[in-house]
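Architecture at a glance
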Amino acid sequence: MAKLRWGMIGGGEGSQIGPAHRLGAGLDGLFDFTAGALDHRPAEGRAYGQRLGLAADRAYGDWQEMLAGEKGRDDRIDLVTVATPNATHFEITKAYLEAGFHVLCEKPMTMTVEEGEEIVKIARATGRICAVNYGYSGYSLVRHMRAMVARGDLGRIRLVKAEFAHGHHADAGDADNPRVRWRYDPAQAGVSAQFADCGIHALHMASFVIGQEAERLSADTVSCIESRELEDDAMVNLRFDGGAVGRLWTSSVALGRQHGLTLQVFGEKGGLRWAQEQPNQLYWMPLGGRVETIERGEAGLSPEADRTSRVTIGHAEGMPLAFANIYADLAEAIRAEKEGREMDPAANLYPRAEDGVRSMAAVFAVAESGKAEGAWTDARPPMFR
Ligand code: NAI
């Protein structure tokens, strides 16, 4: 089958996440980068798109022009990635889904729970894919953790401990820098800063790996830098619907920590530990045994891990390849639909709009609980209560 056609909104020159998407989408030769509205400045977006190889008539000035242009083409794009700032996700994702496009939206999917529920309903009604880029769930060993939990290696899950704590906004002297300040300004960031930006990655990963969803939570939120209106640190206790207890720490003032996404899962029969900065090793401690190192790419791993591992054991794979795994899942889903067949179940793991709205509900629950001295709060969106 011919390559699928891929378009991108946002991710312009100098953006943080644009290059990782282009690397990820391009890696396996499954997608051709065909159309883009890459920048909030139309001329810069058009010029950059063409420098990246887009045809002049498909390097668009804005997302509305791209929607109008692509909608009418026989060779329209198969998938569009929305990698613009958060407040624009809802409007763009909604418009493309309604026009019949499959969408991969950056996180957070929306700014409110209501918008999130609307996106879920539109995706269901149109039958289009609305994926959300919890890209770290694409790592091979994260998928292996999930498979180990699902096949019962750990027994009943007692505890899950997730962290996403970095130190990149720890400089009080830099807190007024406009590039940092907006993140802690409710008018621009919404009800939460650090939890909405990073905490939701950790929460998604915990849910993804243990196969349980957050039911209620209690949050201690603080602004360690006092001038900030929104939290730069949060400790969140969780109860999951399958009985697991969750502990989640997220911070942007943890000096010395770089990316800081880690996951530990403790069951009755064993424990697992994984860290995003060393993603090629997974530590497994079976009850009564010794800690073992599971290497990405070794023989005998799960089909989900084999499918998402590319270079041989001992050679590092990193974040753009995790994103590539999300794109490979989406390519398989789109191809299966075109070919009228079932998709490979090992690929049916990409995060969805349902995950996006669950995150938004958790964001609002953390904000509410934080204001109420940690009162236990329902973490579910109304549609899943
Ligand atoms: P950024 O500020 O570095 O780049 C944003 C890009 O979008 C710029 O090129 C800008 O010109 C363009 N843009 C803004 N408005 C636009 C519009 N209306 N139409 C077209 N282009 C527009 O932002 P960054 O850090 O790349 O974040 C983008 C999104 O990706 C955010 O939602 C963020 O939360 C998410 N993100 C996700 C990560 C992940 O691990 N999944 C990691 C980093 C960011």
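Residues numbered from 1 in each chain as written. Predicted model: local features only at pLDDT ≥ 70, side-chain atom pairs only at ≥ 80, totals over all residues. Heavy atoms only, no water.

1. Quick look at the overall build of the chain
We apply this condition: Helix and strand assignments follow DSSP, with helices taken as H or I runs no shorter than four residues and strands as E runs no shorter than two, numbered in order from the N terminus. The globule rule used for comparison is 2.2 Å times the number of residues to the exponent 0.38, while the radius of gyration itself is calculated over C-alpha atoms. Each residue is placed in one exposure class: buried if its accessible area under a 1.4 Å probe, protein chains only, is under 20% of its type's maximum, exposed if it is over 50%, and partly exposed if it falls in between. In this tally Asp and Glu are treated as negative and Lys and Arg as positive; neither His nor the chain ends contributes. Working definition for charges: the position is that of NZ of Lys, CZ of Arg, CG of Asp or CD of Glu.
Across its full length, the chain holds 12 helices and 14 strands. For 385 residues, the compact-globule estimate of 2.2 N^0.38 gives 21 Å, and the C-alpha radius of gyration of the chain, at 20 Å, lies within 12% of that figure. In terms of overall dimensions, the chain has a C-alpha envelope of 60 × 50 × 40 Å along the principal axes. The burial tally for the chain puts 54% of its 385 residues in the buried class. Taken together, the 43 basic and 54 acidic charged side chains of the chain have centroids lying 3 Å from each other.

2. Details of the sheet that holds strand β12 (residues 281-286)
The strands that make up a sheet are held in pairs by hydrogen bonds between backbone atoms, and each pair lies either parallel or antiparallel. Defined as follows: Paired strands, in this sense, are two strands between which DSSP finds at least two bridges. Whether two residues are in contact is decided by their heavy atoms: any pair within 4.5 Å suffices. Lines fitted to C-alpha atoms define the axes, with helix axes restricted to the stretch in contact, and inter-axis angles between N-to-C directions lie between 0 and 180 degrees.
With mixed pairing, nine strands are arranged side by side in an open sheet as β13-β12-β11-β10-β6-β9-β8-β7-β14. Strands at the two margins of the open sheet, each flanked by one partner only, are β13 (292-295) and β14 (377-378). As judged from the four bridges shared by strand β11 (residues 270-275) and β12, these two strands associate in the antiparallel manner. Residue pairing for β12: Gly271 is matched across the bridge by Met285. Taken strand by strand, helix α6 (residues 140-150) contacts β6 (157-165), β10 (261-267), β11, β12 and β13, and its axis lies near 20 degrees from that of β12. Each of β7 (214-222), β8 (233-240) and β14 is contacted by helix α12 (residues 353-371), which is oriented at about 50 degrees to β7, the strand it contacts most.

3. Some words on the side chain of His166
This is how it is decided: Identification of polar contacts relies on pairs of N or O atoms within 3.5 Å, with a donor-acceptor requirement for protein atoms, meaning one able to donate a hydrogen and the other able to accept it, and with residues adjacent in sequence counted only if both atoms are side-chain atoms.
By the secondary structure assignment, His166 is in the loop between β6 and α7 (178-181). Residue His166 is classed as buried on the basis of its relative accessible area, which comes to 7%. A polar contact is formed between the side chain of His166 and the backbone nitrogen of His168, at a distance of 3.0 Å. For His166, the contacting residues outside a window of four places in its chain are Gln194, Cys198, Ser251, Ser252, Val253, Ala254, Arg257, Gln258 and His259.

4. Some details on the packing of aromatic side chains
Test applied: Only centres within 6.5 Å qualify two rings of Phe, Tyr or Trp (six-membered ring in Trp) as a pair; their planes then separate them into stacked at under 30 degrees, edge-to-face at over 60, and tilted for everything else. Two limits define a charge over a ring: the Lys NZ or Arg CZ must be within 6 Å of the ring centre, and within 35 degrees of the ring normal.
With the rule as written, the count across this model stands at seven aromatic pairs. Taken together, a centroid distance of 5.9 Å and an interplanar angle of 80 degrees make the contact between Phe31 and Tyr327 edge-to-face. With Phe31 in strand β2 (residues 31-37) and Tyr327 in helix α11 (residues 319-339), this residue pair connects regions lying 296 residues apart in the sequence. Accessibility expressed as a relative area gives 2% for Tyr327, which makes it buried. For the ring pair Tyr136 and Phe164, a centre distance of 6.4 Å and an interplane angle of 85 degrees mean the geometry is edge-to-face. Of this pair, Tyr136 sits in the loop between β5 (130-132) and α6 while Phe164 sits in strand β6; the two residues are 28 residues apart in sequence, bridging distant segments of the chain. Exposure class is identical for Tyr136 and Phe164. Each is buried. Stacked on the ring of Phe101, the Lys or Arg Arg76 has its end atom at 4.1 Å from the ring centre. The aromatic ring of Tyr350 is capped on one face by Arg352, whose charged end is 3.9 Å from the ring centroid.

5. Quick notes on the pairing of strand β3 (residues 79-83)
Most of β3 sits inside the fold, with five of its five residues counted as buried. Neither face of β3 is open: one carries Leu79, Thr81 and Ala83, the other Val80 and Val82, and all of them are buried. With five bridges joining them, strand β1 (residues 4-10) and β3 adopt parallel strand pairing. Counted as the bridge partner of Ile9 is Val82 from β3.

6. So, the site of the ligand
Note the cut-off: Residues are counted as near a molecule or strand when any one of their heavy atoms sits within 4 Å of it.
Around the ligand, 22 residues are found, and the nearest of them are Gly12, Gln16, His40, Asn86 and Lys107. Contact between the ligand and Asn86: an oxygen atom at 2.6 Å from a side-chain N or O atom of the residue. At 3.0 Å from an oxygen atom of the ligand is found a side-chain nitrogen or oxygen belonging to Tyr136.

7. Topic: unusual backbone geometry
Following Lys107, the chain continues into Pro108 via a peptide bond in cis, with omega recorded as -15 degrees. Checked against the element boundaries, Pro108 lands in the loop between β4 (102-105) and α5 (113-126). A positive phi angle, close to 55 degrees, is found at Glu373, a residue other than glycine. Residue position: Glu373 is located in the loop between α12 and β14.

8. Some details on the pattern of salt bridges
The cut-off we apply is this: Note on definitions: salt bridges are taken to be side-chain nitrogens of Lys or Arg within 4 Å of carboxyl oxygens of Asp or Glu.
Under the criterion given, the structure shown has 31 salt bridges. One salt bridge in this structure joins Arg310 and Asp28, with 2.8 Å as the shortest N-O distance. Here Arg310 is found in the loop between α10 (303-307) and α11, whereas its partner Asp28 is found in the loop between α1 (18-26) and β2, with 282 residues between them in sequence. Taking relative accessible area as the criterion, Arg310 reaches 29% and is therefore assigned partly exposed. We classify Asp28 as partly exposed; its relative accessible area is 34%. Across the pair Glu268 and Arg156 runs a salt bridge whose closest N-O atoms are separated by 3.1 Å. On the criterion of sequence distance, the pair formed by Glu268 in the loop between β10 and β11 and Arg156 in the loop between α6 and β6 is long-range, its members being 112 residues apart. Exposure remark for Glu268: the relative accessible area of 32% places this residue in the partly exposed category. For Arg156, a relative accessible area of 47% puts it in the partly exposed group. One network of salt bridges, with partners in common, ties together Asp57, Arg58, Glu70, Arg73 and Asp75.

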